[in-house]
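Now for the letters of each chain:
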Amino acid sequence: MSNPAEPTPEPGAPAAVPPPAATSVADAVSTQTGPGTVSNPGTGEEALPVPVTIEPALPPTGTPTGPSSLEAALRAAGPGPGENWPTPADGGAPLTPMLTRRWASPRSWSINTYRQLDGYQALPAALQVEPGRLTELIKGSGLRGRGGAGFPTGLKWSFLPPASTKPSYLVINGDEGEPGTCKDIPLMMADPHSLIEGCIITSYAIKAPFCAIYIRGEAVHALRRVANAVEEAKAAGFLGKNILGSGYDLEIVVHAGAGAYICGEETALLDSLEGRRGQPRLKPPFPAVAGLYASPTVVNNVETIASVPAIVMGGSDWYRSMGTEKSPGPKIYSLSGHVTRPGQYEAPMGTTLRQLLVSAGGMLDGIPLKFFTPGGSSTPIFTPAQLDVPLSFDDVAAAGSMLGTTALMCFNETVSVPWAVWKWLEFYKHESCGKCTPCREGTGWLVQILRRIVSGAGTLEDLDTMADAATNIAGRSFCALGDAAATPILSSFKYFRSEFEDLVTGRTPPVVESRLLVGAH
Amino acid sequence: MSNANRRIGAPVFLTTDIVFDELTETRADEIIAKYPYSRSALLPLLHLVQSVEGFVSQPGIEFCGRKLGLTVAEVSAVATFYTMYKRTPCGEHLISVCTNALCAGLGGDAIFATLTNHLGVGNEETAGEPGTPGSLTIEHAECLAACDHAPVLQVNYEYYDNQTPDSALDLVNALQAGQRPLPTRGAPLTDFRSVELEIAGVFTNLAERVDNPTASVPTLRGTVLAAHTEQRAPAMPDHVDFPPLPEKK
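Definitions and cut-offs
- Residues numbered from 1 in each chain as written.
- Chains lettered and ligands numbered in written order.
- Predicted model: local features only at pLDDT ≥ 70, side-chain atom pairs only at ≥ 80, totals over all residues.
- Contact = placed C-beta atoms within 7 Å.
- Helix = DSSP H or I, 4+ residues; strand = E, 2+ residues; numbered from the N terminus.
- Nonpolar A, V, L, I, M, F, W, Y, C, P; charged D, E, K, R; others polar.
- Pairing = 2+ DSSP bridges.
- Axes fitted to C-alpha atoms, helices over the stretch in contact; angles between N-to-C directions.
- Parallel < 35°, antiparallel > 145°, perpendicular 65-115°, else oblique.
- Left-handed = near helix turned anticlockwise from the far one by under 90°.
- Domains from an automatic or database assignment.
- Buried ≥ 20, exposed ≤ 12 C-beta atoms within 10 Å, placed from the backbone.
- Right-handed = clockwise from strand over helix to strand, strands pointing away.
- pLDDT = per-residue confidence, 0-100.
- Expected span 1.5 Å × (residues − 1).

1. Here we look at the interface of chain A and chain B
With 117 residues of chain A at the contact, the number on the chain B side is 93 residues. Top element by residues in the side of chain A that touches chain B is helix H9 (residues 220-235) of chain A. It accounts for 8 residues. Grouping the constituent residues of the side of chain A that touches chain B by class yields 58 nonpolar, 40 polar and 19 charged.

Okay, structure coming up:
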């Protein structure tokens, strides 16, 4: 086992990264002040290191294939020449890069870059306290799960039975597949060590000897980067037996899925990880009591666990200085669709889409926004009337939707709502696991009706049938996938029912030629 | 697969004369050893089988069953559940075009139509003799979690971002000509079977495979904007105390 206090940075590896003041790993380790505390290097005024020096922007290249160099990507990531870089004073989002702050550094995925930018400094401090105090820390921080449901993370950890005779397990949900969601895969590609350090600290907090990171099979490069990070962490002594002399042992397995959206549902994921069809389990018992191998298990999202090292370093008050009271911390907002500069923007919880759109250069070609999802296709759609809803768990719920994964898919006025709903329903039908009847049969019927409607063969009666079917799926399915499938129907009827009516009455032409429906999924 | 084989209740896997070699047996044993319970290795083992044959055959099912002490029915049930397990031989490359709402609206449907017209095949079909150089299998993909790069497609699960029908056609022409254009994000292109080996968790040159630059404009936008406008997360305090354990009631 190599000595983690003596890193050997590769010659010249992150050369373009200005090393943050007084933050060599050796310095940081020597400033440990004993059990139960974390001392941060540098002075209180020292902000997180700015990872890059940005040169004047060049126009985006738009190269269709081939990798772009980091320098080229950095130049193309901003506004065009002479254009404004939007700040909060311009109405833009206040950006607070915590998880994304290393992403622009050279070889950001390597352990050397990670360690030069404060990486693996939370772990030695965490290993010096009783595990239960880490759970208390995360509880106090108010961190809520980033996988969509927003359940308080520390509370989830505390549900593990204190005196179980079985080992406990940590399972990471990296099965990112909710339409619109595109945050965990970039995170795992760009900064896999933040996830690994979070896994080690969390596993220690829940006394787990084994952690599995379940990554979507199609995300093969994220899989490589995480697998490589595990190897690097092992070689540095952060994994395996007697980690940093603490007496704590941990193994991490990186596990690939095989193409099933339903495996993002935590109990389906556990069945899949056990080598079965990925179908959801009846709850209770909840995974905290009987999860992986019927043992106490914590299942958390990638973004959630990658936040843990920063919370250990900064403390809960620091974490709570961002975001809202009930949804603290920063969040990676994923802007996609008809947006001038789509991408990942990390801002405090409670930032609005209006602010994020200003940061992203507005709607593409100035064509106005028609509807958007606050957190993926499973969350009820919003219209421009909700542009100022603070995107936090509670505020979005109060406005009639769900924060989900903050996957902000923005559709402009050229998009037919019935067409988008049809596309989404094709997805839910394909991904329904078949376990329960309302979802299995209901998604099939809804797709058939929607195919009729978008190809101009629908009737007004179809709309009532569809609403009836959707309300019979929602709340009557085995898991949330059924509810999610009903959501686009019900929420689009709320705001855009007239578009469906216009299609079936022939006031507007069909949006899809019927021959194109042949072979649809 | 002919319709006669699509009987309800009886998934049919093609029979081949494959004999899994010593190396595959060893790799299977190593995968199994990673897990506390052997059955957890089933998904990786099915990927391993695909790395050998390019799809899951009846002998592949039996191989997994033998390694894990599972019945053919148990393995078949899993192999038929997941989209990534192919039951007909795959081409040298697998092309997955996202046609979910967002990508489709930005050109994904047009890309899929262009490519299937060019290849003269439909969804989940192969142009060319499966496994031979330049043979291509094409499929609709559900959301590929790259929506900020829409429209996207993958070749052997490597990302080709921000595509157009023309750029996708260029890519396919190059693949058919035996070339392997670099992905926008991912390792240098290999072929479907080689990638299935990596997905199974068997990495023969991992340190090299992670190193292809994958910087992407959408991924970096927020980070770059924050740096340029000098926005940061608040400074961390010098010193942080961990909270005490809760008092026992």
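Still to come is the rest of the account.
2. Some details on the sheet that holds strand E8 (residues 369-373) of chain A
All names here are of chain A. Spatially, the 4 strands line up as an open sheet ordered E7-E6-E9-E8, and their pairing is mixed. A single partner strand is all that each edge strand has here, and the edge strands are strand E7 (343-348) and E8. If you compare each strand with its neighbour and ignore which way they point, the axes differ by 30° on average. Bridge count between strand E6 (residues 330-337) and E7: 6 bridges; the pairing is antiparallel. Of the residues in E7, the one forming a bridge with Ser-334 is Gln-344.

3. Looking at the environment of Arg-102 of chain A
Position of Arg-102 of chain A among the secondary structure elements: in the loop between helix H2 (70-76) and helix H3 (111-116). Measuring from C-alpha to C-alpha, the distance between Arg-102 of chain A and Ser-194 of chain A comes to 9.7 Å, with 92 residues separating the pair along the chain.

4. Digging into the packing of helix H16 (residues 417-431) of chain A against helix H19 (residues 480-505) of chain A
All names here are of chain A. Running from N to C, H16 and H19 cross one another at 160°; their axes reach a closest spacing of 9 Å. Put simply, H16 runs roughly antiparallel to H19. Between H16 and H19 lies a crossing of left-handed hand. Seen from H16, the contacting residues are Val-417, Pro-418, Val-421, Trp-424, Leu-425, Tyr-428 and Glu-431; seen from H19, they are Leu-481, Ala-484, Ala-485, Pro-488, Ile-489, Ser-492, Phe-496, Glu-499, Phe-500 and Leu-503.

5. Quick notes on the domain arrangement of chain B
Split by domain assignment, chain B resolves into domain 1 (3-79) and domain 2 (93-191). Measuring from the centre of the C-alpha atoms in domain 1 of chain B to the corresponding centre in domain 2 of chain B gives 27 Å.

6. Here we look at the domain arrangement of chain A
Residues and elements named next belong to chain A. One can read the domain layout of chain A as domain 1 (93-313), domain 2 (323-412) and domain 3 (417-517). Look at where the C-alpha atoms of domain 2 and domain 3 centre, and you get two points 24 Å apart. Taken together, the contact pairs 8 residues of domain 2 with 9 residues of domain 3. Class assignment for the residues of the side of domain 2 that touches domain 3 results in 4 nonpolar, 4 polar and no charged.

7. Digging into the pairing of strand E4 (residues 251-256) of chain A
Residues and elements named next belong to chain A. With respect to burial, E4 is a largely interior element, 5 of its 6 residues being buried. Where strand E3 (residues 210-215) meets E4, 6 bridges bridge the pair, whose relative direction is parallel. Of the residues in E4, the one forming a bridge with Ile-213 is Val-254. The parallel pair E3 and E4, bridged by H9, forms a crossover whose chirality is right-handed.

8. Some remarks on the pairing of E6 of chain A
A regular strand places its side chains so that they alternate between the two faces of the sheet. Residues and elements named next belong to chain A. Burial of E6 is extensive: 8 of the 8 residues sit out of reach of the surface. Hairpin connection from E6 to E7: 5 residues lie between these consecutive antiparallel strands. Taken together, the 4 bridges between E6 and strand E9 (residues 407-412) define a ladder with parallel strand orientation. Within E9, the position partnered with Leu-335 by the bridge is Leu-408.

9. Overview of the confidence of the model for chain A
Model confidence for chain A is summarised by a mean pLDDT of 89, while 85% of its residues fall at 70 or above. In the predicted structure, residues 1-35 of chain A sits below a pLDDT of 50 and forms 64 contacts with residues beyond four places in sequence or in another chain.

10. Details of the environment of Ser-76 of chain B
Residues and elements named next belong to chain B. Within the secondary structure layout, Ser-76 lies in helix H4 (residues 72-79). It is 8.9 Å that separates the C-alpha atoms of Ser-76 and Gln-58, two residues lying 18 residues apart in sequence. Once residues lying within four places of it in the same chain are set aside, the contact partners of Ser-76 are Pro-11 and Ile-61.

11. Quick notes on unusual backbone geometry
Here the residue pair Pro-284 of chain A and Pro-285 of chain A is connected by a cis peptide bond, since its omega of 0° sits within 30 degrees of zero. With respect to the helices and strands, the residue Pro-285 of chain A is situated in the loop between helix H10 (266-273) and helix H11 (287-290). Pro-151 of chain B follows Ala-150 of chain B through a cis peptide bond whose omega is -10°. Relative to the helices and strands, Pro-151 of chain B is located in the loop between strand E3 (136-141) and strand E4 (153-155).

12. Quick word on helix H18 (residues 460-473) of chain A
Relative to the 20 Å expected for 14 residues at 1.5 Å per residue, H18 of chain A spans 20 Å between its end C-alpha atoms, a close match to the ideal helical length. Buried-residue contacts for H18 of chain A involve helix H17 (437-454) and H19 of chain A.

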